[in-house]
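Fold and geometry: a report
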2 protein chains.
Amino acid sequence: MASRTIENYLKQLWLQQQESRGKYVPMGKLAALVGVTAGTATTMVKAIADSGLAKYAPRAGVRLTRAGEQLALHVLRRHRLLELFLVEILGIDWSDAHGEAEELEHVISETVLARIDLLLGHPSVDPHGDPIPSSSGTVEAPELCSLAELQAGSKTAIVRIMDQSAEFLRFAQTSGLVPKAAVVIEHNNPQAGAISARPDGKPPVILSMAAAAKFLVRPCPTAGKQRRKRS
Amino acid sequence: MASRTIENYLKQLWLQQQESRGKYVPMGKLAALVGVTAGTATTMVKAIADSGLAKYAPRAGVRLTRAGEQLALHVLRRHRLLELFLVEILGIDWSDAHGEAEELEHVISETVLARIDLLLGHPSVDPHGDPIPSSSGTVEAPELCSLAELQAGSKTAIVRIMDQSAEFLRFAQTSGLVPKAAVVIEHNNPQAGAISARPDGKPPVILSMAAAAKFLVRPCPTAGKQRRKRS
DNA sequence: TTAATTACTTTGAATAGTCAAAATATTCTA
DNA sequence: TAGAATATTTTGACTATTCAAAGTAATTAA
Ligand SMILES: [Mn+2]
Ligand SMILES: [Mn+2]
Ligand SMILES: [Mn+2]
Ligand SMILES: [Mn+2]
């Protein structure tokens, strides 16, 4: 069994690899994600690599092996099921769920997890729209575009939010920009570097391109190749 | 914040003090309860004493201070609320709940705990009939007698089970000797060292005095002073 | 009351994680 | 291409927790 420390390293590694399309993750990046110094990350990564969960290339970075990926996905599954459980069953605030799940993900037994999964009806996405890995360790990653890519007049629906910070999520919630919400793009002038989006039944919200890029939507305008851009 | 290790020491200490009516708990006993060697317990207890949570008397034992007691009760509250939650909401087996709660009790936040408490309707006892300490750190310990003390022909109801081991609890469950179950004592001959108890709607169960003593009941026969005996 | 048994404490060593600061390597810039 | 700036790795040290084994005190038995 991997320690909770190692589980955290693996999970962050997996998430980061998604962002960087499988490239080696540099130590500095991993250290920042886990919240330790770079020296600590180097030490831990060498230990993780020794146990066969990752490949470590000095001065280049780390990458998960298949085994590491599987373990990371199990942790991520626990994390996301717990988030949904906390929100749906316990009524915990959307913006607090992530932090709570960060701890719980390491102590939930398989039995309890199975019960939670059942209680929630084998859900496929968490409260932020993030896909929940299957118990066999697979995730589907649908190609989505973001609010920033839509033209004025488009109508779409929020599917996923790419920022887990409590502050951002609180802002998203009060604005009405939550998963499943329908929105209309009112303005999107690339020159302005900001857009205006109006969630159904709510006043319009002004978003910088950086902020808009955090909201992934569907359907996407078929205008050209649909590309996803993450900050 | 006390570490999970220290929380475990404090909780076991509190439980043991209940058994021994407030006496100093000897190192060997504590070590066995926590599952470490006596030397380790000595070291930890000295650290705990240094932080003001217990009083350590070399070669005599340890005793919680008021502060230590309060902390222990908060851990116990988390433990017991979690047990009930696991059984009632998640449908976890009665006999597994204790082990699961043993881990969870250290990572549940106050927020989540409050939500669980609410969801369960501010319960006062856990699935084993153990009283749940209040959030302000108080427990009432009703004086109960055990099945072993009842005379043949008595009718009573199980209130609490004083053994948390999964095996014993499984036995209790299949026998029908669960909290709230009504039972009739069919035989109790002190000379035999065993009794026969029949739970309502179930076949009679033969119990040694030691086993019978683990089932606390109410009402108690007013015959003489009602005394509780724990193994 | 001496000797044996038992309980407890001390000591020395190990493991997992961590940081700060020093040493290196890489990459960028002029 | 020689610094300068940046990123990474190494080193030495520290905390928390644990065990095994050796030493010490207390209790029990004879
Ligand atoms: Mn975590
Ligand atoms: Mn999420
Ligand atoms: Mn515990
Ligand atoms: Mn209990």
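Residues numbered from 1 in each chain as written. Chains lettered and ligands numbered in written order. Predicted model: local features only at pLDDT ≥ 70, side-chain atom pairs only at ≥ 80, totals over all residues. Heavy atoms only, no water.

Here we look at the overall build of chain A
- Scanning chain A for helices and strands turns up 8 helices and 8 strands.
- Its C-alpha atoms give chain A principal-axis dimensions of roughly 55 × 45 × 30 Å.
- Of all 231 residues assigned to chain A, the portion counted as buried reaches 47%.
- In chain A, the share of contacts with a sequence separation of at least 24, taken over all contacts with a separation of at least 6, comes to 65%.
- With the model as given, the accessible surface of chain A reaches about 11100 Å², and the carbon-plus-sulfur share is 54%. (Helix = DSSP H or I, 4+ residues; strand = E, 2+ residues; numbered from the N terminus. Buried < 20%, exposed > 50% of the residue type's maximum accessible area, 1.4 Å probe, protein only. Contact = heavy atoms within 4.5 Å. Areas by Shrake-Rupley, 256 points an atom, 1.4 Å probe, with all protein chains shown as cover.)

Some thoughts on the protein's contact with DNA strand D
- Every one of the 18 residues lining DNA strand D counts as a neighbour, but M27, K46, Y56 and R59 of chain A together with S3 of chain B are closest to it.
- The sugar-phosphate portion of DNA strand D accounts for 77% of its atoms within 4 Å of the protein, the bases making up the rest.
- The contact in question runs from a phosphate oxygen of DNA strand D to an N or O atom on the backbone of G28 of chain A, over 2.9 Å.
- T37 of chain B is positioned such that a nitrogen or oxygen atom in its backbone is 3.0 Å from a phosphate oxygen of DNA strand D.
- The greatest single-element share of the surface near DNA strand D, amounting to 4 residues, is contributed by helix α3 (residues 38-50) of chain A.
- For the surface near DNA strand D, a count of residues per class yields 8 nonpolar, 7 polar and 3 charged. (Near = heavy atom within 4 Å. Polar contact = N/O pair within 3.5 Å; in protein donor to acceptor, adjacent residues only side chain to side chain. Nonpolar A, V, L, I, M, F, W, Y, C, P; charged D, E, K, R; others polar.)

Concerning the domain arrangement of chain A
- Parsing chain A into structural domains produces domain 1 (4-64) and domain 2 (145-218).
- Taking only C-alpha atoms into account, the centre of domain 1 of chain A sits 32 Å from that of domain 2 of chain A. (Domains from an automatic or database assignment.)

Quick word on the pattern of salt bridges
All names here are of chain B.
- The final tally for this structure, using the stated rule, is 18 salt bridges over all chains.
- Residues E7 and R78 are paired through a salt bridge, measuring 2.8 Å at the closest nitrogen-oxygen approach. Of this pair, E7 sits in helix α1 (residues 4-19) while R78 sits in helix α4 (residues 66-88), and the two are 71 residues apart along the sequence. The same class applies to E7 as to R78, namely buried.
- One salt bridge connects D130 with R160, and the closest N-O pair in it is separated by 2.8 Å. A residue pair is termed long-range when its members are at least 10 positions apart, and D130 in the loop between α6 (110-119) and β3 (145-146) and R160 in strand β4 (residues 155-161) qualify at 30 residues.
- Note on R160: relative accessible area 10%, which makes it buried. (Salt bridge = Lys/Arg side-chain N within 4 Å of Asp/Glu carboxyl O.)

Let's talk about the side chain of D126 of chain A
- Relative to the helices and strands, D126 of chain A resides in the loop between α6 (110-119) and β3 (145-146).
- Beyond its immediate stretch of four places on either side in the chain, D126 of chain A contacts R80, E83, L84 and I132 of chain A.

Focus on the pairing of strand β8 (residues 215-218) of chain B
Residue and element names in this part refer to chain B.
- Where β3 meets β8, 2 bridges bridge the pair, whose relative direction is antiparallel. Within β8, the residue paired with S146 across the bridge is L216.
- By the bridge criterion, 4 bridges tie β4 to β8 in an arrangement that is antiparallel. The residue of β8 that forms the bridge with I158 is V217. (Pairing = 2+ DSSP bridges.)

Quick notes on the nonpolar core
- Counting 34 residues, the largest nonpolar core has L86, L90 and L104 of chain A together with L90 and L104 of chain B as its most contacted members.
- Elements that contribute at least two residues to this core include exactly α4 (66-88), α5 (94-104) and α6 of chain A together with α4, α5 (94-104) and α6 of chain B.
- The element contributing the most residues to this core is α4 of chain A, with 6 residues.
- Setting aside anything within four residues of it in sequence, one finds L90 of chain B in contact with F85, V112, R115, I116 and L119 of chain A together with F85 of chain B. (Core = buried A, V, L, I, M, F, W, Y, C linked by side-chain atoms within 4.5 Å.)

So, the relation of the copies chain B and chain A
- For these two chains of identical sequence, chain B goes onto chain A by a turn of 180° and a shift of 0.0 Å along the axis, with RMSD 0.0 Å. On this basis, the relationship between the two copies can be described by a two-fold rotation axis. Every residue of chain B has its C-alpha some distance from the rotation axis, and the shortest such distance is that of L104 of chain B, at 3.8 Å.
- Most of the interface of chain B is mirrored in chain A: 100% of its interface residues are interface residues there too. (Least-squares fit on C-alpha atoms with pLDDT ≥ 70 in both.)

A closer look at the coordination of the manganese ion (ligand 1)
Residues and elements named next belong to chain A.
- Distances from the manganese ion (ligand 1) to its protein donors, N8 (OD1), E102 (O), E102 (OE), E105 (OE) and H106 (NE2), fall within 2.0 to 2.4 Å.
- Between the donor residues of the manganese ion (ligand 1), the gaps in sequence give the motif N-x93-E-x2-E-H. In this pair, N8 is assigned in helix α1 (residues 4-19) and E105 in the loop between α5 and α6, connecting sequence segments 97 residues apart.
- Using a relative accessible area of 0% as the deciding quantity, one classes E105 as buried. (Donors = N, O, S within 2.8 Å, 3.2 Å for Na, K, Ca; no water.)

Focus: the sheet that holds β3 of chain A
Residue and element names in this part refer to chain A.
- Pairing is antiparallel across the open sheet formed by 6 strands, whose spatial order is β3-β8-β4-β5-β6-β7. Taken across any chain shown, the strands that pair with only one partner, and hence form the sheet edges, are β3 and β7 (205-208).
- Bridge count between strand β5 (residues 182-189) and strand β6 (residues 194-199): 6 bridges; the pairing is antiparallel. Opposite N189, over in β6, you have A194 as the bridge partner.
- Contacts between helix α7 (residues 166-175) and the sheet are confined to β4 (155-161), β6, β7 and β8 (215-218), with β7 contributing the most and set at about 145° to the helix. (Axes fitted to C-alpha atoms, helices over the stretch in contact; angles between N-to-C directions.)

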